[in-house]
Amino acid sequence: QVQLVESGGGVVQAGGSLRLSCAASGQNPGNYALGWFRQAPGKEREFVAAISWTGANTYYADSLRGRFGISRDKSKHTVSLQMDSLKPEDTAVYYCTADIGVAKTASMWSYWGQGTQVTVSS
């Protein structure tokens, strides 16, 4: 079992930046890949980014590559999502997730945080 707690959401103007963090705890959280998904009202949960358990490999949604960056601190069992040049369409609830492997499908991930709201105003 892994528990995940996100932080860092908020309201930002278009063009601004936010940094989300997620703290993982429980049984061997360092052995899990960590990822971020987001869900806007009326839309399906979509993949944002993920990082392997070693931190050596990162994965991004093609549409977000270059604006978003994922990183992890294995000593603190945290994962961060740096979001730059934010757009109103980035508004969503952002969820941290963990599993043994990486997938771009939400149903393939076993553990989820409660989510943090990101609102980008125009």
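Residues numbered from 1 in each chain as written. Predicted model: local features only at pLDDT ≥ 70, side-chain atom pairs only at ≥ 80, totals over all residues. Heavy atoms only, no water.

Draft legend 1. The arrangement of unusual backbone geometry in detail. Notably, H77 is not glycine yet its phi reads approximately 55 degrees, a positive angle. By the secondary structure assignment, H77 is in the loop between β7 (68-73) and β8 (78-83). (Helix = DSSP H or I, 4+ residues; strand = E, 2+ residues; numbered from the N terminus.)

Draft legend 2. Structural view of the nonpolar core. Counting residues in each nonpolar core, the largest one holds 37 residues, and the members touching the most others are L4, W36, L81, M83 and Y94. Contributions of two or more residues to this core are made by β1 (2-7), β3 (18-26), β4 (33-39), β5 (46-51), β7, β8, β9 (92-99) and β11 (116-121). Per element, the largest residue contribution to this core is five residues, and it comes from β5. (Core = buried A, V, L, I, M, F, W, Y, C linked by side-chain atoms within 4.5 Å. Buried < 20%, exposed > 50% of the residue type's maximum accessible area, 1.4 Å probe, protein only.)

Draft legend 3. Fine view of the side chain of T97. Turning to its location among the elements, T97 is positioned in strand β9. The exposure class assigned to T97 is buried, which follows from its relative accessible area of 0%. A distance of 2.8 Å separates a polar side-chain atom of T97 from the backbone oxygen of Y111. Not counting residues up to four positions away in its chain, the partners in contact with T97 are L4, A33, L34, G35, W36, F37, W109, Y111 and W112. (Polar contact = N/O pair within 3.5 Å; in protein donor to acceptor, adjacent residues only side chain to side chain. Contact = heavy atoms within 4.5 Å.)

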